[in-house]
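An overview of the molecular structure
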There are 2 protein chains.
Amino acid sequence: MSREELREIGEAALVRRIRDAAPPAPSGVVLGIGDDAALLEPARGWQVATCDTLVENVHFRRDGFGPRDVGWKSLAVSLSDVAAMGGTPRYCLVSLALPPDMSAAWVEGFYAGLHELAERYEVALVGGDTVRAQAVTVSVTVLGEVPVGRALRRAGAHPGERLLVTGTLGKGMAGLWAMEGRCPPREELLQAQRRPLPRLEEGRRLASGGATAADDVSDGLASELRELAEAGRVGFRVFLDRLPLSAAVRRAAAVVGRPAWEPALFGGEDYELLCTAPVPAAGRLISEVVGATGTPLTVVGEVLPAGEGIRVVEASGRERPLEGWGWDSFR
Amino acid sequence: MSREELREIGEAALVRRIRDAAPPAPSGVVLGIGDDAALLEPARGWQVATCDTLVENVHFRRDGFGPRDVGWKSLAVSLSDVAAMGGTPRYCLVSLALPPDMSAAWVEGFYAGLHELAERYEVALVGGDTVRAQAVTVSVTVLGEVPVGRALRRAGAHPGERLLVTGTLGKGMAGLWAMEGRCPPREELLQAQRRPLPRLEEGRRLASGGATAADDVSDGLASELRELAEAGRVGFRVFLDRLPLSAAVRRAAAVVGRPAWEPALFGGEDYELLCTAPVPAAGRLISEVVGATGTPLTVVGEVLPAGEGIRVVEASGRERPLEGWGWDSFR
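About the cut-offs
Residues numbered from 1 in each chain as written. Chains lettered and ligands numbered in written order. Predicted model: local features only at pLDDT ≥ 70, side-chain atom pairs only at ≥ 80, totals over all residues. Helix = DSSP H or I, 4+ residues; strand = E, 2+ residues; numbered from the N terminus. Buried ≥ 20, exposed ≤ 12 C-beta atoms within 10 Å, placed from the backbone. Contact = placed C-beta atoms within 7 Å. Nonpolar A, V, L, I, M, F, W, Y, C, P; charged D, E, K, R; others polar. Pairing = 2+ DSSP bridges. Axes fitted to C-alpha atoms, helices over the stretch in contact; angles between N-to-C directions. Expected span 1.5 Å × (residues − 1). Domains from an automatic or database assignment. pLDDT = per-residue confidence, 0-100. Least-squares fit on C-alpha atoms with pLDDT ≥ 70 in both. Parallel < 35°, antiparallel > 145°, perpendicular 65-115°, else oblique. Left-handed = near helix turned anticlockwise from the far one by under 90°.

1. Things to note about the overall build of chain A
Of regular secondary structure, chain A possesses 10 helices and 13 strands. Along the longest, intermediate and shortest principal axes, the C-alpha atoms of chain A span 65 × 45 × 35 Å. Relative to its full complement of 331 residues, chain A shows a buried share of 58%. The long-range share in chain A, meaning contacts at least 24 apart out of those at least 6 apart in sequence, stands at 84%.

2. As for the interface of chain A and chain B
Contact residues are listed per partner, giving 56 residues for chain A and 56 residues for chain B. Here the side of chain A that touches chain B is composed, by residue class, of 28 nonpolar, 13 polar and 15 charged. Relative to strand β3 (residues 46–55) of chain B, strand β2 (residues 38–40) of chain A runs antiparallel, the two being bridged by 3 bridges. Within β3(B), the residue paired with Leu40(A) across the bridge is Gln47(B).

3. Some points on the sheet that holds strand β12 (residues 310–313) of chain A
For sheets, the rule is that strands pair by backbone hydrogen bonds, running either parallel or antiparallel. All names here are of chain A. Read from one edge of the open sheet, 7 strands run β8-β10-β7-β11-β9-β12-β13, paired in mixed fashion. Each edge of the sheet is formed by a strand with only one pairing partner; in this case those strands are β8 (213–216) and β13 (319–321). In this sheet, neighbouring strand axes are inclined to one another by 25 degrees on average, regardless of whether the strands run parallel or antiparallel. Where strand β9 (residues 234–239) lies against β12, 4 bridges are found, and the strand directions are parallel. Opposite Phe239, over in β12, you have Val313 as the bridge partner.

4. Description of the sheet that holds strand β4 (residues 88–98) of chain A
Across the sheet, 6 strands lie side by side as β5(A)-β4(A)-β6(A)-β3(A)-β2(B)-β1(B); this open sheet has mixed pairing. In the strand order of this sheet, the two ends are held by β5 (124–132) of chain A together with β1 (29–31) of chain B, each with one partner. Neighbour to neighbour, the strand axes of the sheet diverge by 20 degrees on average, direction disregarded. The strands touched by helix α2 (residues 67–84) of chain A are β3 (46–55), β4 and β6 (137–146) of chain A; relative to β3(A), the strand with the most contacts, the crossing angle is about 140 degrees.

5. Considering helix α7 (residues 221–232) of chain A
Residue and element names in this part refer to chain A. Helix length check: α7 (12 residues) gives 16 Å between terminal C-alpha atoms against 16 Å at 1.5 Å per residue, within 8%. Summarising burial for α7: 10 of the 12 residues are buried, a large majority. The complete set of buried residues in α7 reads Leu221, Ala222, Ser223, Glu224, Leu225, Arg226, Glu227, Leu228, Ala229 and Gly232. In this structure, the buried residues of α7 make contact with β8, β9, α9 (261–266), β10 (273–277) and β12.

6. Quick notes on the domain arrangement of chain A
All names here are of chain A. When the domains of chain A are assigned, the result is domain 1 (6–146) and domain 2 (162–321). Between the C-alpha centres of domain 1 and domain 2 the distance comes to 27 Å. Taken together, the contact between domain 1 and domain 2 spans 16 residues of the former and 18 residues of the latter. It is α2 that contributes the most residues to the side of domain 1 that touches domain 2, 11 residues altogether. A class-by-class count of the residues in the side of domain 1 that touches domain 2 yields 9 nonpolar, 4 polar and 3 charged.

7. Details of the confidence of the model for chain A
Looking at chain A as a whole, the pLDDT averages 95, with 99% of positions reaching at least 70. Both confidence scores are given for the complex: pTM 0.96, ipTM 0.94.

8. Re the pairing of β12(A)
All names here are of chain A. Two elements, β12 and β13, share 3 bridges in a ladder whose sense is antiparallel. Residue pairing in the sheet places Val312 in a bridge with Arg320 of β13. Here β12 folds back onto β13, and the loop between the two strands holds 5 residues, one of which, Gly317, carries a positive phi near 95 degrees.

9. Structural notes on the relation of the copies chain A and chain B
The transform that puts chain A on chain B rotates by 180 degrees and translates by 0.0 Å along the axis, for an RMSD of 0.0 Å. Such values leave the two copies arranged in the relation of a two-fold axis. Every residue of chain A has its C-alpha some distance from the rotation axis, and the shortest such distance is that of Pro42(A), at 2.8 Å. A share of 100% of the interface residues of chain A reappears at the interface of chain B, consistent with the copies meeting face to face through the same patch.

10. Things to note about the pairing of strand β6 (residues 137–146) of chain B
Residues and elements named next belong to chain B. Burial analysis of β6 places 10 of its 10 residues in the buried class, which makes it a mostly covered element. Residue alternation in β6 divides its side chains into two sets, Thr137, Ser139, Thr141, Leu143 and Glu145 and Val138, Val140, Val142, Gly144 and Val146, and both sets are buried. By the bridge criterion, 9 bridges tie strand β4 (residues 88–98) to β6 in an arrangement that is antiparallel. Bridging from a neighbouring strand, Ser95 pairs with Ser139 of β6.

11. Comments concerning unusual backbone geometry
Non-glycine residue Glu122(A) carries a positive phi angle of around 55 degrees. One can find Glu122(A) in the loop between α3 (104–120) and β5. Look at Arg233(B): it is not a glycine, yet its phi comes out positive at around 50 degrees. A count of 12 C-beta atoms within 10 Å places Arg233(B) in the exposed class.

12. Observations regarding the packing of α2(A) against α3(A)
All names here are of chain A. At their nearest, the axes of α2 and α3 sit 6 Å apart, and the two run at 45 degrees to each other. Relative to α3, α2 is oriented oblique. The interaxial crossing formed by α2 with α3 has right-handed handedness. Contact residues: α2 offers Pro67, Arg68, Asp69, Val70, Gly71, Trp72, Ser74, Leu75 and Ala76, while α3 offers Trp106, Gly109, Phe110, Tyr111, Ala112, Gly113, Leu114, Glu116, Leu117 and Ala118.

13. Description of the environment of Ala306(B)
Among the structural elements, Ala306(B) can be located in the loop between β11 (297–305) and β12 (310–313). Counting along the chain gives 74 residues from Ala306(B) to Gly232(B), while the straight-line C-alpha distance between them is 8.6 Å.

14. Some words on helix α5 (residues 187–194) of chain B
Here α5(B) has its buried residues at Leu189(B), Ala192(B), Gln193(B) and Arg194(B). At its buried positions, α5(B) is contacted by α2 (67–84), α4 (171–179) and α8 (247–256) of chain B.

15. Side note on the environment of Gly128(A)
Mapped onto the fold, Gly128(A) is located in strand β5. It is 4.4 Å that separates the C-alpha atoms of Gly128(A) and Val94(A), two residues lying 34 residues apart in sequence. Setting aside chain neighbours within four positions, we find Gly128(A) in contact with Leu93(A), Val94(A), Ser95(A), Leu96(A) and Cys51(B).

16. Observations concerning the packing of α2(B) against helix α6 (residues 200–208) of chain B
Residue and element names in this part refer to chain B. As a packed pair, α2 and α6 sit with axes 8 Å apart at the nearest point and diverge in direction by 15 degrees. When the axes of α2 and α6 are compared, the pair comes out roughly parallel. Our pair here, α2 against α6, has a crossing hand that is right-handed. Counted together, Leu79, Val82, Ala83 and Ala84 of α2 and Leu200, Glu202 and Gly203 of α6 form the full contact between these two elements. Per-class residue counts for the contact of α2 with α6 are 5 nonpolar, 1 polar and 1 charged.

17. Topic: the environment of Phe330(A)
Here Phe330(A) shows up in the segment after β13. Each C-alpha atom of the pair Phe330(A) and Gly127(A) lies 29 Å from the other, and the pair is 203 residues apart in sequence. With near-sequence residues (within four places) excluded, Phe330(A) lies in contact with Leu6(B), Arg7(B), Gly10(B), Glu11(B), Pro100(B) and Arg132(B).

Here is the structure:
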């Protein structure tokens, strides 16, 4: 690994190193890193395109995230958006803004982590940009594909349908608590923050198995429910005691002194999929998703008419309107 | 225009405003701004994909660039990459990192400037991300298309061919001098900095008319020559007295006390196209490009074998190896 700083090696040499460190490009890539633009074979079906940005000291701190973690997570958050559409990612472009005193080793680590996740899902790095900035800022664009007419959107839920979520919730915020030393640093929680796994196979199963709408849980369940409600012109009833929470999240919440549902509802960074499905399809999906992927799919509520708004049912049975949001970039 | 700050209106309302301010999506956009990802009809031919980032106080200063200028230029630099491939841009995704005390009016101005350029070339904004940061950081991904097998690349030049450039050079750096008060603020120079025009039609004419390699002049002629030389395993001879320089650039260089070819060779941000073509095609291209677009295309040198390196011929006739680079993000 190289201890040189970027201002010593310069941009052209850095781009060559990034290109040389990339795994061989798969079929479909006509021209990859190193020209003015990438050339790709056209998408099969509809193209899925999404872009997300992580900023140092906003989305991660360099003392809590190694370069490999930042590389992995930067890609994971965009892959999660493709998962929420039921799509398959194919390519990524990475724009990396870096302080000039950053070490080349950090950059090499960043791409090693990114490629580690990219190879897992056969995603090829095909281009990007490297620029100078005060804080590390990573923008990742992911291009993928989905069969024509088979994409899951936020709009599409109907009153009477079930509301379901993959995996478990609250681990993103509990991971943050663990990094901040507010609860014991359990590996499960730290990994949820540093190395989230996008639910790609799960998303495709949901799309082909009859789910009617979906969103990924990046900003907390409360935010995603508001997005699904607005897009689909529906309301929701969510049962707090049905939210899937791991033992580690429950313990972390107890140590921090917060109700266990709070990180699930308002924490964000869980990268699970929230979806709706008619009652018969919901049952089939639960067995199909767990059978094919090992990931649990849990009914956490139901779709209501828009006029009902978003309602939460406490463990006591008391029902109240949902208040508050999850993560907001500017608040 | 809204005087509110982003921390008052929040991310969800900001995204709604961005979506509502966008012109109607053209055909090809199945699903635009506001879901987890955009859905697009597949590219016709090969897809062109490129991504560029502008950072406040590195690539622009807010006292020299209004929000509309930043929006325009952020898109222009990526469109210029598509132009260098001979492609046609179709869609863009914009990731905007903003300080939370930024006014909503600034953001509205940014998108107004971006759309102004986007509509000119029928490019649709289909997605992106808005996050918090200390300095304004804009990443724009542009997706386009080019007929199969007809893209211009950096590789492809052969010894004996002509080296040509569109338009005039040096105006990017002279514009910077004008903004810094080092020379009179002539509109032509300021516009070159704030509102560069990507050479899209010119690029397509070059690709279909027999150019063998191309690059856009974003980092100065010296850098682009090195890139074309490395990619194509060739050398170049450039005649300094043939570099196309406007009267305004010549005057600015005289006021600043630098040779007029210096901003052309080392300045960058000119967003012209540098290309190579065999002798007969070069002549045809010159009349075709100026006839179709009004943009001059000028022979500035010739392609040499790789062993010759990159050589510059001064007005006196003295020939010397090219020294120095143009813009480097980290040096």
